[in-house]
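Below, each chain spelled out in residue letters.
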Amino acid sequence: MGRKKSIVLVTVDCFRADHVGFLGYPLPVTPFLDTLAKQSVVFSDAIVAGVPTYFSFPAMLASRYPLSLGRENMGIAPNEPTIATALLDAGCATGAFLAGNPYLSPQFGYDQGFEQFQDSLDGALPGALPNVSHHTRRSRLNRGIEAFSRQTRLTAAAYRELYFWYCQRVSAKGNPSMEDLRRFPAADVMMDRACAWLSNLGDRRCFLWIHLMDPHNPYYPPEEALAAIGEPGMSARRALKWNALWSRDDLGPGRLRRCKEKILPLYDAGVYWVDKQISRLVETLKQLERWDDTVLAVTGDHGEEFMEHGARYHAPMSLPEQLLHVPLLLRSSDLSGMRTLESPFSLIHLAPTLLDAVEVAVPDSFRGKSWWKHILAGSFPNDIAIAELVTMEGNPLRSEDRMRPRVLAIRDGSYKLVIRFKEGREDLYDLKNDPGECSPLPDDVAIHERVRLLQSAHAHLKESRENRNAELALSARLCGIKHSMKMHAEKLRA
Ligand SMILES: [Zn+2]
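Residues numbered from 1 in each chain as written. Predicted model: local features only at pLDDT ≥ 70, side-chain atom pairs only at ≥ 80, totals over all residues. Heavy atoms only, no water.

**Focus: the sheet that holds strand E4 (residues 93-98)**
Note the cut-off: In this scheme, strands are said to pair when DSSP sees at least two bridges between them. Helix and strand definitions here come from DSSP, where helices need a minimum of 4 consecutive H or I residues and strands a minimum of 2 consecutive E residues; each element is numbered from the N-terminal end. Note on geometry: axes are C-alpha line fits, over the in-contact stretch for helices, and angles between N-to-C directions span 0 to 180 degrees.
As summarised here, the arrangement of the 8 strands in space is E5-E4-E6-E1-E7-E11-E2-E12, forming an open sheet in which the pairing is mixed. With one partner strand each, in any of the chains shown, strand E5 (116-118) and strand E12 (339-341) form the two edges of the open sheet. The mean angle between the axes of side-by-side strands here comes to 10 degrees, regardless of whether they run parallel or antiparallel. Two strands pair when backbone bridges link them, and E4 and E5 are joined in this way by 3 bridges, in the parallel orientation.

In structure tokens:
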């Protein structure tokens, strides 16, 4: 009888399901995970519960829907049970190594349950991913010229173009490397920290959470990763140019399409680097003789858009499959051979399933259910997955900006209903025949499916309202207010 099982959870920001080999991506960007998949459970239809990071992680760690404590609350509430607190209470060593996502910080409760918590934010004020806009360095003279240029559309466009190339020249001075330009620690740095922590644990059972940002914009992967996926010619200077062009909001679709051809390999190289570093992590677990006692889960917090529906990145405006559908594989020595689970699997079920796999009691507050017994039996229920967000054009840290209308997606294996509450509109898609979600079905087609998914939406909203944990909601609200007051005081002092 070995020691009790440990859990290693690797979450990857902006991780698209259709960009990994084991789910059919034709380019070899995930060689290690593709091999690992052959001895894992592959969830071919894993669906996040919200987009972006701050609407996804409450489901993954605390197994609840992101808006279930009210729009005013973000993150994990004070004293809210999570997979980490459950495992800490069960005697596990707990460590989190997160690559500098400002929404995964103690301010939002993510340190709860962790003995060791490194968010790589170095005291940076949360809420501000470094600005990727090129409109940051304007002098007074420059602002004057810009104001003058706005007299006609032609001069305005000419100004923007010239100013962009001027900024490019300034930014590229001194020949920066990818490392200079990257805004997050790369996966190799994160794995070094996580593996060092593992090596010092002795025999203790553990829960390790690693969050990697390599596929997150701006895309500056290591040169080694670019060479490995067959893109050795992409220098840091070129990557700087393509990232800056990709972030512009004044380019026509033709130029953006050309830009996308350069951006995709940069994104894929980030995915490749994640894959390579996960292989190092597994190697370390083997060396430490922990691999047979470890349940490993690898997944994403949401995907990324590359203009499929006109948008870039992953703003919380809509819920297309490019954002909802993420890779998920789960490897445990209890399982032999590859099993593919084709039913939609909401990540709200991930934490209870992992706890069940290591025989730790699931907290009562968790809304998801363990699927571990189904996995062991190899027979899976046909479930629906629900995702929700508040459309956000402003600053998610300002509570008034979070009071916007909800978008809700209800998804089964074939159909997806997207409800936009502001417009009072619901669109039903037949995903088998229209996987690109190009045209919603007319109202009089697939009426039974529409009714069934609408009923699920109704039940979800009713349950969210009736089961709201008032105490947690209030303590989260208090925590948020305290933080706003602190920020306000800091601003006044500055
Ligand atoms: Zn994210």
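**Comments concerning the sheet that holds strand E15 (residues 406-411)**
A sheet is described by the order of its strands in space; here 4 strands give the open sequence E14-E15-E16-E17, paired in antiparallel fashion. At either end of the open sheet lies a strand with only one pairing partner, and these are strand E14 (385-390) and strand E17 (425-430). The sheet shows a mean angle of 15 degrees between the axes of neighbouring strands, direction not considered. For E15 and strand E16 (residues 415-420), the ladder comprises 5 bridges, and the chain directions are antiparallel.

**Remarks on the packing of helix H9 (residues 236-246) against helix H10 (residues 253-287)**
Basically, it comes down to this: Orientation labels follow simple angle bins: below 35 degrees gives roughly parallel, above 145 gives roughly antiparallel, 65 to 115 gives roughly perpendicular, and whatever is left gives oblique. Note on convention: the crossing is left-handed when the near helix lies turned anticlockwise from the far helix by less than a right angle, right-handed when the turn is clockwise. Contacts are residue-level and defined by heavy atoms, with any inter-residue pair within 4.5 Å sufficient. When residue character is reported, Ala, Val, Leu, Ile, Met, Phe, Trp, Tyr, Cys and Pro are called nonpolar, Asp, Glu, Lys and Arg charged, and the others, Gly included, polar.
Two elements in contact, H9 and H10, have axes separated by 9 Å at closest approach and are oriented at 130 degrees. In terms of orientation, H9 and H10 fall into the oblique class. Once H9 is placed against H10, the crossing between them reads as left-handed. Across the interface between the two elements, Ala239, Trp242, Asn243, Leu245 and Trp246 of H9 pack against Arg255, Leu256, Cys259, Lys260, Lys262, Ile263 and Leu266 of H10. In the contact of H9 with H10, the residues fall into 8 nonpolar, 1 polar and 3 charged.

**Topic: the coordination of the zinc ion**
Condition: Because no water is among the atoms considered, metal sites can look incomplete, with donors defined as N, O and S atoms within 2.8 Å of the metal, or 3.2 Å for Na, K and Ca. In this scheme the shape depends on donor count and angles: four donors with every angle between 85 and 135 degrees give tetrahedral, four or six donors with opposite pairs above 155 degrees and others between 65 and 115 give square planar or octahedral in turn, and any other case is irregular. Exposed residues in this analysis have more than 50% of their type's maximum accessible area, buried residues have under 20%, and partly exposed residues fall in between, with area computed by a 1.4 Å probe over protein chains only.
Protein coordination at the zinc ion comes from Asp13 (OD), Thr53 (OG1), Asp301 (OD) and His302 (NE2), with a distance range of 2.1 to 2.2 Å. Here the zinc ion binds 4 donor atoms, and the angle range of 96 to 129 degrees at the metal identifies the geometry as tetrahedral. Motif for the zinc ion, donor spacing along one chain: D-x39-T-x247-D-H. In this pair, aspartate 13 is assigned in the loop between strand E1 (6-12) and helix H1 (31-37) and threonine 53 in helix H2 (residues 53-62), connecting sequence segments 40 residues apart. Looking at threonine 53, the relative accessible area reads 4%, which means it is buried.

**Focus on the nonpolar core**
Threshold: The definition of a nonpolar core used throughout is a set of buried Ala, Val, Leu, Ile, Met, Phe, Trp, Tyr and Cys residues joined through side-chain atoms within 4.5 Å.
Grouped together as the largest cluster of nonpolar side chains are 65 residues, with contacts concentrated most on Phe43, Ile83, Leu87, Tyr110, Phe207 and Trp209. A total of 6 residues in this core trace back to one element, the largest contributor, which is H2. Beyond its immediate sequence surroundings of up to four residues, phenylalanine 207 is in contact with Ile7, Leu9, Ile83, Ala84, Leu87, Cys92, Ala93, Thr94, Gly95, Phe114 and Trp197. Tyr25, Leu208, Ala236 and Leu281 belong to the second-largest nonpolar core, a separate cluster that totals 64 residues.

**A few points about the confidence of the model for the chain**
Spelled out, the test is: Note: pLDDT gives the predictor's confidence per residue, expressed from 0 to 100.
Confidence in the prediction of the chain, expressed as mean pLDDT, is 90, and 90% of residues score 70 or more. Residue range residues 125-137 is modelled with pLDDT below 50. Its contacts to residues more than four positions away, or to other chains, number 29 contacts.

**Considerations on the environment of glycine 394**
Here glycine 394 is to be found in the loop between E14 and E15. With residues near it in sequence (within four places) discarded, glycine 394 still touches Asp401 and Arg404.

**Observations regarding the packing of aromatic side chains**
The description of an aromatic ring pair uses the distance of the two centres, along with the angle that the planes make with each other. How we decide: Pairs were defined over the aromatic rings of Phe, Tyr and Trp, the Trp ring being its six-membered one, requiring ring centres within 6.5 Å. Orientation was assigned from the angle between planes: stacked under 30 degrees, edge-to-face over 60, tilted for the rest.
Under the definition given, this model contains 16 aromatic pairs. Summarising the aromatic geometry, the rings of tyrosine 110 and tryptophan 209 are spaced 6.4 Å apart at their centres and angled 50 degrees between planes, so their arrangement reads as tilted. Residue tyrosine 110 is located in the loop between E4 and E5, and its partner tryptophan 209 is located in strand E6 (residues 206-212); the two are separated by 99 residues in the primary sequence. By the burial criterion, tyrosine 110 is buried, and tryptophan 209 matches it. An angle of 35 degrees between the planes, with centres 5.9 Å apart, marks the rings of phenylalanine 114 and tryptophan 209 as tilted. One end of the pair, phenylalanine 114, is in the loop between E4 and E5; the other, tryptophan 209, is in strand E6, and 95 residues separate them in sequence. On the accessibility criterion, tryptophan 209 (0% relative accessible area) is buried.

**Some remarks on the pairing of E1**
Taking burial as the measure, the 7 residues of E1 include 7 buried ones, the bulk of the element. Burial along E1 is two-sided: the face carrying Ser6, Val8, Val10 and Val12 and the face carrying Ile7, Leu9 and Thr11 are both buried. Sheet topology note: the E1/strand E7 (residues 294-300) ladder contains 7 bridges and is parallel. Across the sheet, leucine 9 pairs through a bridge with alanine 297, a residue of E7. Summarising the sheet, E1 and E6 pair through 6 bridges and their orientation is parallel. By the bridge assignment, threonine 11 is partnered in E6 with histidine 211.

**Structural notes on the pattern of salt bridges**
Inclusion rule: Note on definitions: salt bridges are taken to be side-chain nitrogens of Lys or Arg within 4 Å of carboxyl oxygens of Asp or Glu.
Applying the stated rule across the entire model yields 22 salt bridges. With a closest N to O distance of 2.5 Å, arginine 64 and glutamate 80 form a salt bridge. Separated by 16 residues along the polypeptide, arginine 64 in the loop between H2 and helix H3 (83-89) and glutamate 80 in the loop between H2 and H3 bring together distant segments of the chain. The partner of arginine 411 in a salt bridge is glutamate 321, with the nearest N and O atoms 2.9 Å apart. You can see arginine 411 sitting in strand E15 and its partner glutamate 321 sitting in helix H11 (residues 321-324), a full 90 residues away along the chain. Each member of the pair arginine 411 and glutamate 321 is classed as buried. Among the charged side chains, a salt-bridge network with shared partners connects Asp45, Glu321, Arg411, Lys416 and Glu437.

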